[in-house]
Amino acid sequence: MKKTVLLLIIAFCCTLSGKELKVLAIGNSFSASAVRTLPKLTASVPGCRLILTGASIGGCSLKRHWDEWCKAEKDPKYAPYGLSFWDSANLSGKTNRRGNVNELLKNKNNKYDIITIQQNSANSWKYETYQPYAKNLIAVIKKYQPQAEIVIQQTWSYRSDSARLKSWKIDNTIMYNKLEAAYAKLAKENGFRVIPTGYAVQIFRAKTPVKFVKPDFKALEALKNPVPHAFEGEVVGYCKWGKHRKTKKYCIIKDMSHLNPHGEFMQGAVWFSFLFEQPATAVKYLPQGMSAERAKFLLECAQEAVSTYKQPGK
């Protein structure tokens, strides 16, 4: 009896470790960051293989995704999306091109296991902006890829010093609570699972031993070409020295909404654990310049998010 149970456990573990997935991520820069990191993390876990396609437009809302679908129906050559193609078994073979989501979904050779969708960050906390566009997008995904599971990436709230938060008269905790409720509502209405990236960010913020302190941008500006500020207290936001998009003058470029490199690593770990049903701590990939101790903490936050997030409707 004991031998039989042991063999069943071994067989189950082998099934998990040998998992291969074909995934399409439809989104914007908040999904592109996962697409950049996830294949590298997956490649570090023996037996796991990910064939990943990213389709993104910066800042793309669910409304715009639907508008772009309608335009491409009239003109198949219309190419508003940046498409990237990855295989974790051959990271050097990554390719990029322009295209549209229509061609990806309608291609009979593309039998995706999972397709992810999400709202753009500025509208993520306002459910009234989701519909009817999410419903329309879900319908065409189900029509052309009926075998695929549709899942939602829960995005995250901005850094506490974001000017947008100030203009909206909310803080990043309120933003998270509202976006969490909006994504949960969409998930519950459709029976979808949620990739809890935003929840992982909240866990990090609560547990990080070094709390975020707003940088002294005037002091950084005086350095002319500053080293980007440390990421210990936040996984969202960064600044760098660069040329201003409009004035073309060199200055501090501030970003309080996107994940920094540490955040992208954690996001990739959340996706890995969710998709492959393995602990995030199984990841052996260590980004250049990141300490093993830091990576361990980020992986633990990712794992806690996947393990403790209460999926809507369950």
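That block above? That's the structure.
Predicted model, so just to flag it, every value in this text is computed and none were measured.

(A) Examining the packing of helix α10 (residues 261–276) against helix α11 (residues 292–308) more closely. Contact geometry of α10 with α11 gives a least axis separation of 8 Å together with a crossing angle of 45°. When the axis of α10 is compared with that of α11, the two are oblique. You can see that α10 and α11 cross each other, and the crossing is right-handed. Every residue of α11 that contacts α10 at H262, F265, M266, A269, V270, S273 and F274 is listed here: R294, A295, L298, L299, C301, A302, Q303 and V306. Its residues placed into classes, the contact of α10 with α11 shows 11 nonpolar, three polar and one charged.

(B) Expanded view of the nonpolar core. Of all hydrophobic cores here, the largest spans 85 residues; its most connected members are L24, L105, I115, I141, M266 and L275. When residues of this core are assigned to their parent elements, the largest contribution, nine residues, is made by α10. When residues no more than four places from it in sequence are discounted, the contact partners of L24 are T53, A55, L104, L105, Y112, I114, I115 and T116. Among the nonpolar cores identified, the runner-up in size contains five residues, and F217, L220, I252 and M256 belong to it.

(C) Looking closely at the pairing of strand β2 (residues 49–56). With eight bridges connecting them, strand β1 (residues 20–27) and β2 associate as parallel partners. Looking at the pairing, L21 lines up with L50 of β2. Between β1 and its parallel partner β2, the chain crosses via helix α2 (residues 29–43), and the hand of that crossover is right-handed. Judged from the six bridges that link them, β2 and strand β3 (residues 81–87) form a sheet pairing that is antiparallel. For L52, the partnering residue across the bridge sits in β3 and is W86.

(D) Seen up close, the side chain of N110. Tracing the sequence through the fold places N110 in the loop between α4 (101–106) and β5 (114–117). Looking at N110, its side chain comes within polar contact range of the side chain of Y112, at 3.3 Å. In this structure N110 touches K22, E103, L104, Q145 and Q147, once residues within four positions along its chain are discounted.

(E) Up close: unusual backbone geometry. Of note, the bond from Q131 into P132 is cis; its omega dihedral lies within 30 degrees of zero at 10°. Examined against the element boundaries, P132 turns out to sit in the loop between β5 and α5 (133–144). Phi at K248 takes a positive value of approximately 65°, unusual for a residue other than glycine. By the element assignment, K248 lies in the loop between β8 (236–243) and β9 (250–259). Overall, the relative accessible area of 52% leaves K248 in the exposed class. Notably, E277 is not glycine yet its phi reads approximately 55°, a positive angle. Topologically, E277 is positioned in the loop between α10 and α11.

(F) Layout of α10. With 16 residues, α10 extends 22 Å from end C-alpha to end C-alpha; this agrees with the ideal 22 Å at 1.5 Å per step. Burial analysis of α10 places 15 of its 16 residues in the buried class, which makes it a mostly covered element. The backbone nitrogen of H262 lies 3.1 Å from a side-chain oxygen of the residue at the head of α10, namely N260. Just downstream of α10, E277 is the residue with a positive phi angle, here 55°.

(G) A look at a positive patch on the surface. Together, K243, R245, K246 and K248 give the surface a local cluster of positive charge. Along the polypeptide, K246 turns up in the loop between β8 and β9. Given a relative accessible area of 64%, K246 falls into the exposed group.

Cut-offs applied
Residues numbered from 1 in each chain as written. Predicted model: local features only at pLDDT ≥ 70, side-chain atom pairs only at ≥ 80, totals over all residues. Heavy atoms only, no water. Axes fitted to C-alpha atoms, helices over the stretch in contact; angles between N-to-C directions. Helix = DSSP H or I, 4+ residues; strand = E, 2+ residues; numbered from the N terminus. Parallel < 35°, antiparallel > 145°, perpendicular 65-115°, else oblique. Left-handed = near helix turned anticlockwise from the far one by under 90°. Contact = heavy atoms within 4.5 Å. Nonpolar A, V, L, I, M, F, W, Y, C, P; charged D, E, K, R; others polar. Core = buried A, V, L, I, M, F, W, Y, C linked by side-chain atoms within 4.5 Å. Buried < 20%, exposed > 50% of the residue type's maximum accessible area, 1.4 Å probe, protein only. Pairing = 2+ DSSP bridges. Right-handed = clockwise from strand over helix to strand, strands pointing away. Polar contact = N/O pair within 3.5 Å; in protein donor to acceptor, adjacent residues only side chain to side chain. Expected span 1.5 Å × (residues − 1). Patch = residues over 30% accessible without salt bridge, like charges linked within 9 Å, V, L, I, M, F, W, Y side chains within 5 Å. Areas by Shrake-Rupley, 256 points an atom, 1.4 Å probe, with all protein chains shown as cover. Salt bridge = Lys/Arg side-chain N within 4 Å of Asp/Glu carboxyl O. Lys, Arg positive; Asp, Glu negative; His and termini not counted. Charge placed at Lys NZ, Arg CZ, Asp CG, Glu CD.

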